[in-house]
Amino acid sequence: MEDEVDRLVAAWRRERPDLDVEPLEVLSRVSRLARHLDRARRLAFAEHSLEPWEFDVLTSLRRAGAPYQLSPGQLLTQTLVTSGTMTNRIDRLAKKGLVERLPDPSDRRGVLVRLTAEGQDRADQALAGLLAQERAILGELSDRQRTELAGLLRQLTAPFDNVPG
């Protein structure tokens with residue numbers, strides 16, 4: 001079975017035989033897959049009136065476990081955005097009734113961000129929709145192939161995930 005990346009690689013090999021274009025065979029496919037996944041994610045989230053960034057914040061809180069709350073600093077670490085961006089996001093989610101700010105009992109100046117019941121419901125529903133989309137994307141692979149692919153991708157992504165700062 002030939003795909004668009006095979007045609008792209010063949011064209012580069014013809015036009016630039018002096019270059020080793022082998023990385024394109026893997027990373028161009030990863031890039032194309034990422035675009036398809038991004039579209040599937042946006043569709044799954046839109047069905048629940050959520051933007052991708054809203055899903056990221058809500059599910060960070062949901063994964064924290066009961067009482068589904070984190071400090072803004074913990075949310076920064078999990079979502080990889082700046083402090084100003086996170087403040088804006090928390091404000092917008094609070095305005096929609098999906099999160100609430102509470103005083104941090106261990107820090108008089110601090111706050112905690114807690115998922116509301118509505119926020120939890122929306123996060124749970126959007127996650128179920130996302131998983132359905134992702135299962136469809138992976139549908140052509142056997143369980144063994146999925147496990148193997150997950151391991152190979154982990155090898156590629158782990159060094160980026162473990163870089164300080």
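Predicted model only: the values in this text are computed from it and were never measured.

Rules and cut-offs
- Residues numbered from 1 in each chain as written.
- Predicted model: local features only at pLDDT ≥ 70, side-chain atom pairs only at ≥ 80, totals over all residues.
- Heavy atoms only, no water.
- UniProt positions renumbered as here; feature names shortened; annotations may be inferred.
- Helix = DSSP H or I, 4+ residues; strand = E, 2+ residues; numbered from the N terminus.
- Buried < 20%, exposed > 50% of the residue type's maximum accessible area, 1.4 Å probe, protein only.
- Salt bridge = Lys/Arg side-chain N within 4 Å of Asp/Glu carboxyl O.
- Pairing = 2+ DSSP bridges.
- Axes fitted to C-alpha atoms, helices over the stretch in contact; angles between N-to-C directions.
- Left-handed = near helix turned anticlockwise from the far one by under 90°.
- Contact = heavy atoms within 4.5 Å.
- Nonpolar A, V, L, I, M, F, W, Y, C, P; charged D, E, K, R; others polar.

## Focus on the UniProt feature "domain: HTH marR-type" (unreviewed entry) in the protein chain
And step 1. As recorded in UniProt, the sites labelled "domain: HTH marR-type" (unreviewed entry) are residues 23–158.
And step 2. Along residues 23–158 one finds 69% helix and 12% strand; the C-alpha atoms at either end are 18 Å apart.

## What about unusual backbone geometry?
And step 1. Following Ala66, the chain continues to Pro67 via a peptide bond in cis, the omega torsion being 10°.
And step 2. Structurally, Pro67 is set in the loop between helix 3 (52–63) and strand 1 (69–70).
And step 3. For Ser49, which is not glycine, the phi dihedral falls at a positive 55°.
And step 4. Locating Ser49 in the fold gives a position in the loop between helix 2 (22–46) and helix 3.
And step 5. Backbone geometry at Leu80 places phi at a positive 60°, although glycine is not the residue there.
And step 6. Leu80 gets classed as exposed once you look at its relative accessible area, which sits at 76%.

## Structural notes on the pattern of salt bridges
And step 1. Summed over all chains, the structure comprises 14 salt bridges.
And step 2. The salt bridge partner of Arg29 is Asp6, with a shortest N-O separation of 2.7 Å. Placement of the pair is Arg29 in helix 2 and Asp6 in helix 1 (residues 4–15), with a sequence separation of 23 residues.
And step 3. The exposure class of Arg29 is partly exposed, given its relative accessible area of 28%.
And step 4. Here Asp6 falls in the partly exposed class, since its relative accessible area comes to 24%.
And step 5. The salt bridge partner of Arg144 is Glu148, with a shortest N-O separation of 3.1 Å. Of this pair, Arg144 and Glu148 both sit in helix 7 (residues 143–161), four residues apart, which is roughly one turn of the helix.
And step 6. For Glu148, a relative accessible area of 42% translates into the label partly exposed.
And step 7. Where salt bridges share partners, they join Glu2, Glu4 and Arg7 into one cluster.

## Here's the deal with the pairing of strand 2 (residues 99–104)
And step 1. One ladder, built from six bridges, connects strand 2 with strand 3 (residues 107–115); its direction is antiparallel. Across the sheet, Asp104 pairs through a bridge with Asp107, a residue of strand 3.
And step 2. Between strand 2 and strand 3, which pair antiparallel one after the other, the connecting turn spans two residues.

## So, the packing of helix 2 against helix 6 (residues 117–137)
And step 1. Where helix 2 meets helix 6, the axes come as close as 8 Å, and the angle between the chain directions of the two elements is 145°. As helix 2 packs across helix 6, the resulting crossing turns out to be right-handed. For the pair helix 2 and helix 6, the contacting residues are Leu33, His36, Leu37, Ala40, Arg41, Leu43, Ala44 and Phe45 in the first and Ala126, Gly129, Leu130, Gln133, Glu134 and Ile137 in the second.
And step 2. Along the lines of polarity and charge, the residues of the contact of helix 2 with helix 6 split into nine nonpolar, three polar and two charged.

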